[in-house]
Amino acid sequence: EVGPAAMGEVEGPGAAEEPESDSMSVEAYRHGVAVGLEQEEWQEFADFVRQHEEDGHWDALALAAQHRGAPQDLEYGPPMIGPEDEDADASGSFESAVSMQSPFESWAVLGPLADRFSAPPKLRLNHSLLWEVVDLPLGYENLAGFGPNGPPMNVLDFCPATEQVFVANQRSLYSFSVPQLQALSSEGGGGAAVGEEVERLTELPAQVNRIRCGRLVERPVVVAVGARGHVTVVAADADRSVAATLQNVAHDRGLPVSTWGLALAPHWCPDRSGELAVSANDHCIKSWTACPDELRGGPSSVSSSASPFSPPPWPRRGVGISGERWSFLGAEGTANGRGRLLVTHEMNIPCIDLVDGRLLSASLDGSVHVERLDAGARGAPCSVSTPVHAEGMWAAAWLPLRSLRTDASLRGPTPEVGGKEGGGLRPQLQWVASGVLLPEEIIATSVLPLLSTADLLQILQLLSRGHSLVACAEVVAAHRRELLALCFSSSEAWLLDENARWLCRQPLPFNGTYAHVAYSSELSTLAVATKMDTTSETALWTVTPIRRRGSLRFSLQFNALPYAHPESTSYPQGVILGMAACSGGRLLTLTANRRLACHGLSLEKQPPPEGLAAAGDDDAAARGDSREAAAAVAAAAATQ
């Protein structure tokens with residue numbers, strides 16, 4: 001139940017009083033208030049809603065699109081996806097209205113009225129080259145010596161917990177600090193004296209295909225996988241020694257298999273499961289679980305009352321001659337043995353990603369698969385797979401929904417609940433449960449976090465303007481766990497929800513074969529390094545998903561990163577073999593000729609043409625007058 005004060009707080013100048021009876025009229029009133037309709041338009045809108053309610057059509061954005069005068073209000077109102085929208089369902093799935101052969105975006109409703117809505121804001125990428133190491137000291141091995149299966153996927157990564165940069169060259173793994181790299185750039189490259197100071201961590205069994213930094217039970221690590229199925233775990237903290245070496249073998253033959261995909265919990269994720277997953281040429285994904293006691297320093301170092309883990313009944317290994325001292329639970333409960341089989345595809349799996357117990361895989365068979373490793377706790381489907389593209393998928397990454405930019409955040413500061421930019425109003429959330437009025441603090445801390453994003457945007461924000469502010473703020477709260485998947489084939493990009501259902505599909509302005517991706521949550525942007533693109537002038541691109549404020553509608557924006565060097569067009573010396581996103585909007589790239597570059601990136605809204613800008617200023621002024629008047633009326637009501 002919603003208290004009457006919560007409904008009355010949004011009444012502006014000329015707003016109609018809520019009907020006392022006829023539940024259909026009451027619902028129409030609430031929807032009309034939510035999209036900011038004036039009194040003279042309310043009755044027409046109510047009749048329109050009454051007509052469509054009989055058909056179960058309750059998408060506020062689609063309804064108002066067919067109502068005169070509403071697009072201007074919806075530009076700053078709370079549009080959303082409804083459960084029975086003709087062009088999108090509650091999950092954002094567009095199979096019923098969009099052909100598999102056609103690109104699409106969910107930014108506005110489809111059909112002849114789509115042009116009445118504002119287009120997604122255009123973004124401009126600002127790029128600067130902060131520093132560059134012309135010849136990174138990586139020993140005597142040839143970084144450009146690719147194996148028979150082609151170039152490695154990624155041989156560079158950055159650990160934000162230790163500010164260390166890790167680079168793999170063939171069978172060697174190196175570690176650099178950021179100040180050390182900056183010193184190398186100022187000295188013009190890796191001379192003999194400087195090269196002697198480079199830390200070579202370990203020699204690996206075979207050529208490395210990918211390395212990745214992350215966390216295993218709160219311990220920073222860097223993991224490397226290679227051509228002979230080795231999975232080498234190295235501590236990324238001050239220890240920086242080999243913690244374990246696992247062997248990935250083919251599921252059907254039991255022989256070492258070339259391993260390409262690698263996934264573990266990223267540093268920004270609070271996942272403590274200790275899962276480590278790999279994908280290989282046997283078309284399978286396997287995993288191991290790290291023993292938490294050993295990563296925390298053993299059961300004697302952490303008291304049982306302070307540790308969130310119970311001592312597991314897993315086999316343990318002591319520190320041997322090789323220095324391996326961590327145990328990983330594999331198939332059939334064996335320690336550091338064969339991995340557990342999780343997923344099988346019909347073809348190779350170049351890329352996998354793991355965040356918060358959700359495993360994402362993109363395969364050359366053209367499918368995207370989501371496996372929930374903790375499905376029992378969530379009560380969600382354990383496995384979801386969808387065909388995406390016949391050409392095959394090369395890259396995939398999880399994106400936190402809370403980190404995506406919205407069109408409102410690109411316009412300026414986001415309205416704060418109860419702040420001046422929110423009209424100076426404190427939302428009145430009066431909820432009644434069994435005759436008891438719930439305090440606002442209880443609602444905000446113990447009720448809203450349990451609601452799904454669809455519930456927040458499709459139901460809660462339509463109750464009142466105050467509920468709209470609270471719902472939009474809850475969607476981007478730090479504790480929210482909703483994820484989106486951004487996947488790439490050689491020619492298209494797909495945005496999917498965490499159940500592998502479509503949200504956007506757009507053609508790529510580059511060739512995505514063998515492409516590697518790195519996500520920067522600060523920029524809400526995915527950087528893409530191409531390896532086989534011969535049509536574009538640059539091998540670096542960015543893809544920025546934008547979410548329409550107050551909705552689950554999205555758009556994808558592509559920007560080329562203008563980075564060129566003397567060998568940027570030559571193969572293989574100019575191929576980008578390593579890329580990593582760092583804090584502060586920095587991006588590291590490593591080419592096959594050992595050139596390491598640090599790029600500074602920032603995004604801003606591209607200004608519209610002069611004529612459109614003037615018209616927009618007039619509209620903004622009109623909206624400002626309306627908001628000031630509404631705030632004055634609300635303040636007077638609060639005083640009474």
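On to the overall build of the protein chain, then. Looking only at helices and strands, one finds 14 helices and 32 strands in the protein chain. Within the span of the protein chain, comprising 640 residues, buried residues form 55% of the whole. Long-range contacts, defined here as pairs at least 24 residues apart, represent 61% of the contacts in the protein chain between residues at least 6 apart. Here the protein chain has roughly 26,400 Å² of accessible surface; of this, 52% comes from carbon and sulfur atoms.

Take the sheet that holds strand 1 (residues 123-133) next. Within the open sheet, the four strands sit side by side as 1-32-31-30. Their pairing is antiparallel. Each edge of the open sheet carries a strand with a single partner, namely strand 1 and strand 30 (576-582). Ignoring which end each strand starts from, the neighbouring axes of this sheet average 25 degrees apart. Relative to strand 32 (residues 596-605), strand 31 (residues 586-591) is paired through five bridges, and the arrangement is antiparallel. When the bridges of strand 32 are listed, L587 appears paired with H599. Across the sheet, helix 6 (residues 178-186) touches strand 1, strand 31 and strand 32, and the angle it forms with strand 1 is around 75 degrees.

Moving on to the sheet that holds strand 4 (residues 172-177). Remark on secondary structure: sheet strands pair via backbone hydrogen bonds, oriented parallel or antiparallel. Taken in spatial order, the four strands line up as 2-3-4-5 in an open sheet, and their pairing is antiparallel. Strands at the two margins of the open sheet, each flanked by one partner only, are strand 2 (156-159) and strand 5 (199-203). In this sheet, adjacent strand axes meet at a mean angle of 25 degrees when their direction is disregarded. As paired elements, strand 2 and strand 3 (residues 164-169) share four bridges and run antiparallel to each other. By the bridge assignment, C159 is partnered in strand 3 with Q164.

Scanning the model with the defined rule gives 16 salt bridges in all. For the salt bridge of E604 with R124, the shortest nitrogen-to-oxygen distance reads 2.4 Å. Of the two residues, E604 is situated in strand 32 and R124 in strand 1; the sequence distance between them amounts to 480 residues. Residue D356 pairs with R358 through a salt bridge whose shortest N-O separation is 2.9 Å. In terms of burial, D356 and R358 fall into one category: buried. In this structure, a network of salt bridges that share partners links the residues D356, R358, R372, R481 and E498.

Following the criterion strictly, the structure yields four aromatic pairs and no others. Pairing F510 with W541 gives two aromatic rings, centres 5.3 Å apart and planes at 35 degrees, and the pair type is tilted. In this pair, F510 is assigned in the loop between strand 25 (502-507) and strand 26 (516-520) and W541 in strand 28 (residues 540-547), connecting sequence segments 31 residues apart. F510 sits in the buried class, given a relative accessible area of 5%.

Turning our attention to the environment of I546. Summarising the element assignment, I546 is placed in strand 28. Here the alpha-carbon distance between I546 and Q557, two residues eleven residues apart in the chain, equals 7.6 Å.

What follows concerns the pairing of strand 11 (residues 275-280). By the criterion of burial, strand 11 is predominantly enclosed, with six of the six residues buried. Side chains E275, A277 and S279 project from strand 11 onto one buried face, and the interleaved L276, V278 and A280 project onto a second face that is buried too. As judged from the five bridges shared by strand 10 (residues 259-264) and strand 11, these two strands associate in the antiparallel manner. Each bridged residue has a counterpart across the sheet, and for A263 the counterpart in strand 11 is A277. Examined bridge by bridge, strand 11 and strand 12 (residues 284-290) share five bridges and lie antiparallel to one another. Paired with E275 across the strands is T289, a residue of strand 12.

Bringing the pairing of strand 27 (residues 525-529) into the picture now. The buried fraction of strand 27 is high, at five of five residues. Side chains T525, A527 and A529 project from strand 27 onto one buried face, and the interleaved L526 and V528 project onto a second face that is buried too. Two strands pair when backbone bridges link them, and strand 26 and strand 27 are joined in this way by five bridges, in the antiparallel orientation. When the sheet's bridge partners are listed, A518 is paired in strand 27 with A527.

This part is about the state of the cysteines. Counted according to the given criterion, the structure contains zero disulfides. Of all cysteine sulfurs in the structure, the one in C213 sits closest to C159, which takes part in no disulfide; the separation is 5.2 Å.

Counting 40 residues, the largest nonpolar core has L136 and F176 as the members making the most contacts within it. The biggest single contributor to this core is strand 3, with four residues. Setting aside chain neighbours within four positions, we find F176 in contact with L136, P137, L138, E163, Q164, V165, V167, L181, L184 and V198.

This part covers the confidence of the model for the protein chain. Residues at a pLDDT of 70 or more form 65% of the protein chain, whose mean pLDDT is 74. Of all secondary-structure elements in the protein chain, the lowest mean pLDDT belongs to helix 5 (residues 70-74), at 37, while strand 2 reaches the highest, 96. Under a pLDDT of 50 for its full length, residues 1-37 has, in the predicted model, 75 contacts with residues more than four places off or in other chains. Here residues 54-101 is a poorly scored stretch, pLDDT under 50, and it has 137 contacts once near neighbours within four places are set aside; other chains count.

What counts, and at which threshold
- Residues numbered from 1 in each chain as written.
- Predicted model: local features only at pLDDT ≥ 70, side-chain atom pairs only at ≥ 80, totals over all residues.
- Heavy atoms only, no water.
- Helix = DSSP H or I, 4+ residues; strand = E, 2+ residues; numbered from the N terminus.
- Buried < 20%, exposed > 50% of the residue type's maximum accessible area, 1.4 Å probe, protein only.
- Contact = heavy atoms within 4.5 Å.
- Areas by Shrake-Rupley, 256 points an atom, 1.4 Å probe, with all protein chains shown as cover.
- Pairing = 2+ DSSP bridges.
- Axes fitted to C-alpha atoms, helices over the stretch in contact; angles between N-to-C directions.
- Salt bridge = Lys/Arg side-chain N within 4 Å of Asp/Glu carboxyl O.
- Phe/Tyr/Trp six-rings, centres within 6.5 Å; stacked < 30°, edge-to-face > 60°.
- Disulfide = S-S within 2.5 Å.
- Core = buried A, V, L, I, M, F, W, Y, C linked by side-chain atoms within 4.5 Å.
- pLDDT = per-residue confidence, 0-100.

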